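# Chains, contacts and geometry: an overview
Single-letter residue listing:
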Amino acid sequence: MTIENSSDGSQAVTDGDPGEDMPAATGRSIDEIIDGLVAGGTLESSATGLVPSEAFRATVTERRTAIAKGDLPGSLPDRLRTADVEPKVLATYDVLSERLPDVSPTQVVVLAVLLTSTDRARPPGSGAPDGFLPVHGDELERLVTLCDRCVVYVWRDDCAPCEQVRPTLSGVFGADPPDDVLALSVYGPDCATRLQRTYDVVGAPTTLFTLDGRVDARFVGVADKGAFERELDTFRNRTPTP
């Protein structure tokens, strides 16, 4: 473990092991892919937002039944085969991977998780930096478990340090986001107990670097752009455990 101090006194704490990656997000953004799913009829508008179409849900139900009987589709990456993932998420991933052959496995995982949570409003996103996908606490836990590298930004309202960190992270991830890291944001007050229990997060702003489902490094409080960029470069050169 190493502890790195930034110029303003915030700390990045690092711990991890080597291993092998699952391909990360590349090409179109999640929003652009969702727009394409709407245009293609996979998603439809409803009173609560976008929901899967009836035809898509029917296909997912068929796959879910087969998966529940032990028939795992060949499209599943090893991480999904070995993790404790609900059959509905696996079935949704399988159907999406057929409809989105040019989309990376990590982006399909993200969409599969989001599409199994469409019975509620999307999470708060006003405090999310550019390039970060707002998620609920349970979605965060799933995605951190299933994706090799994530950067997670925890924020809250009426938080002056959060307002300092947000544009800094936007400058690092917004214009030219790294294609091998999934950037997520979560509104801390909505899932404070989960964040403390699972990731030892007790306040905001906190920025986590997760590798292979575990916290590899963290910034608590404000850090300058250079500190985030240095940690990101180090983080991208580490690999998950097999």
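The following paragraphs examine the structure supplied in this document. Positions within a chain are numbered from 1, following the residues in the order the chain's sequence is written. Selection of residues for local features in this predicted model requires a pLDDT of at least 70, selection of side-chain atom pairs for listing and counting requires 80 or more, and totals for whole chains, interfaces and linings are taken over all residues. The side-chain figures draw on all heavy atoms in the structure; neither hydrogens nor water molecules are used.

## A few points about the overall build of the protein
Summing up its helical and strand segments, the protein has nine helices and nine strands in all. Entry remark: accessible area of the protein is about 11,400 Å², with carbon and sulfur atoms responsible for 48%. For helices the rule is a DSSP run of H or I covering at least 4 residues; for strands it is a run of E covering at least 2, with both sets numbered from the N terminus onward. For accessible areas, the Shrake-Rupley method is used with a probe of radius 1.4 Å. Any residue's cover is judged against the shown protein chains and nothing else.

## A look at the pattern of salt bridges
Each salt bridge in this description consists of a side-chain nitrogen of Lys or Arg and a carboxyl oxygen of Asp or Glu lying within 4 Å of one another. The tally for this structure, following the rule as stated, stands at 12 salt bridges. A salt bridge links E98 to R63; the nearest nitrogen and oxygen atoms lie 3.1 Å apart. Placement of E98 in helix 4 (residues 87-99) and of R63 in helix 2 (residues 54-68) is noted, with a sequence separation of 35 residues between them. A salt bridge links R122 to E139; the nearest nitrogen and oxygen atoms lie 2.9 Å apart. Taken as a pair, R122 in the loop between helix 5 (105-115) and strand 5 (133-134) and E139 in helix 6 (residues 137-146) lie far apart in primary sequence, 17 residues in all. A network of salt bridges, in which partner residues are shared, links R79, D148, D212 and R214.

## Quick notes on the pairing of strand 7 (residues 182-187)
Think of it in three bands: with a 1.4 Å probe and only protein chains considered, a residue is buried below 20% of the maximum accessible area for its type, exposed above 50%, and partly exposed in between. Most of strand 7 is tucked away, with six of its six residues classed as buried. Here strand 7 shows no split at all, with L182, L184 and V186 on one side and A183, S185 and Y187 on the other all buried. Taken together, the two bridges between strand 5 and strand 7 define a ladder with parallel strand orientation. Within strand 7, the position partnered with L133 by the bridge is L184. The rule for pairing is simple: two strands pair if DSSP sees at least two bridges between them. Bridge count for strand 6 (residues 149-155) against strand 7 is six bridges, and the pairing is parallel.

## Details of helix 6
By the burial criterion, the buried members of helix 6 are G137, E139, L140, L143, V144 and L146. Every residue pair with non-hydrogen atoms within 4.5 Å of one another is taken to be in contact. Here the buried face of helix 6 lies against helix 3 (78-82), helix 5, strand 6, strand 7, helix 8 (192-199) and strand 8 (206-211).

## Observations concerning the state of the cysteines
Note on terminology: disulfide describes a covalent bond linking the sulfur atoms of two cysteines. Defined by distance alone, a disulfide is two cysteine sulfur atoms within 2.5 Å. All told, the structure shown has one disulfide when counted by the stated rule. Two residues share a disulfide in this structure: C159 and C162, whose sulfurs sit 2.3 Å from each other. Note on the C159 and C162 pair: the S-S dihedral is about 75°, so by sign convention the disulfide is right-handed. As a non-bridged cysteine, C150 has C147 as the owner of its nearest cysteine sulfur, 5.0 Å distant. Judged by relative accessible area, C150 falls into the buried class, the value being 0%.

## Concerning the environment of P129
Locating P129 in the fold gives a position in the loop between helix 5 and strand 5. Apart from residues lying up to four places away in sequence, P129 is in contact with Y153, R166, L169, S170 and S185.

## What about the nonpolar core?
With 45 residues, the main nonpolar core has L96, L111, L140, L143, V152, L184 and L195 as its most contacted residues. Of all the secondary structure elements, the ones that give two or more residues to this core are helix 1 (30-39), helix 2, helix 4, helix 5, helix 6, strand 6, strand 7 and helix 8. The element that contributes the greatest number of residues to this core is helix 5, accounting for eight residues. Apart from residues lying up to four places away in sequence, L96 is in contact with L37, F56, V108, L111, A112 and L115. Nonpolar cores were defined as sets of buried Ala, Val, Leu, Ile, Met, Phe, Trp, Tyr and Cys residues, with membership established by side-chain atoms within 4.5 Å.

## Description of unusual backbone geometry
For the bond from A204 to P205, the omega torsion is 0°, close enough to zero to count as cis. In this fold, P205 is placed in the loop between helix 8 and strand 8. One non-glycine residue, D200, lies in the positive phi region at around 55°. In this fold, D200 is placed in the loop between helix 8 and strand 8. One non-glycine residue, D212, lies in positive phi territory at about 55°. Relative to the helices and strands, D212 is located in the loop between strand 8 and strand 9 (214-220).

## Considering the packing of helix 1 against helix 5
Relative orientation of the contacting elements helix 1 and helix 5 amounts to 65°, with a least axis distance of 11 Å. Judged by the sense of rotation from one axis to the other, the crossing of helix 1 with helix 5 is right-handed. Contacts from I30, I33, I34 and L37 in helix 1 reach Q107, V110, L111 and L114 in helix 5. Its residues assigned to classes, the contact of helix 1 with helix 5 shows seven nonpolar, one polar and no charged. Structural elements are reduced to axes, namely lines fitted to C-alpha atoms, with helices fitted over the stretch in contact, and the angle between N-to-C directions of any two is expressed from 0 to 180 degrees. Crossing chirality is assigned from the near helix's rotation relative to the far helix, an anticlockwise turn below a right angle marking it left-handed and a clockwise turn marking it right-handed. Here the term charged refers only to Asp, Glu, Lys and Arg, the term nonpolar to Ala, Val, Leu, Ile, Met, Phe, Trp, Tyr, Cys and Pro, and the term polar to all other amino acids, Gly among them.

In short, shape yes, function no, at least from these values alone.
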